[in-house]
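# Observations on the model geometry
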Amino acid sequence: MIVVPVKEGENIEKALKKFKRKFEKTGIVKELRSRQQFDKPSVVKRLKKERAVYVQQLQQVED
């Protein structure tokens, strides 16, 4: 369960933004979308590899 403490006088939009950020970090929506269809293990493996290459390229550009 996600709990977002709201301080006295804090704007409700700010609290909602905090909630959305925490909810996004849990990855629930991402997992639900991935479970809607079956992906072959070979496809999942290929996508992970492509993502790893992409992230590595980004890190090299930063340095």
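Everything below is about the structure printed above this text.
First things first, this report covers the structure right here in the doc. (Residues numbered from 1 in each chain as written. Predicted model: local features only at pLDDT ≥ 70, side-chain atom pairs only at ≥ 80, totals over all residues. Heavy atoms only, no water.)

### Examining empty space enclosed by the protein
Where we set the bar: A cavity here means a set of 1 Å grid points, computed over protein atoms only, where a 1.4 Å probe fits but cannot escape. A pocket is an open set with protein on both sides within 12 Å along at least 5 of 7 lines, and lining residues have an atom within 4 Å of a point. Grid points are joined across faces, edges and corners, and a volume is the space filled by probe spheres set on the points. Only runs of H or I of at least four residues qualify as helices and only runs of E of at least two qualify as strands under DSSP, and these elements are numbered from the N terminus. Think of it as three bins: nonpolar holds Ala, Val, Leu, Ile, Met, Phe, Trp, Tyr, Cys and Pro, charged holds Asp, Glu, Lys and Arg, and polar takes everything else, Gly as well.
Under the criterion given, the structure shown has 1 cavity of 30 Å³ or more. Considering only enclosed or pocket space, the largest cavity measures out at about 30 Å³ in volume. Counting residues per element, the ones that place at least two in the lining of the largest cavity are helix H1 (12–26) and helix H2 (28–35). Ranked by the residues each element gives to the lining of the largest cavity, the list is headed by H2, at 3 residues. Across the lining of the largest cavity, the residue classes break down as 3 nonpolar, 1 polar and 2 charged.

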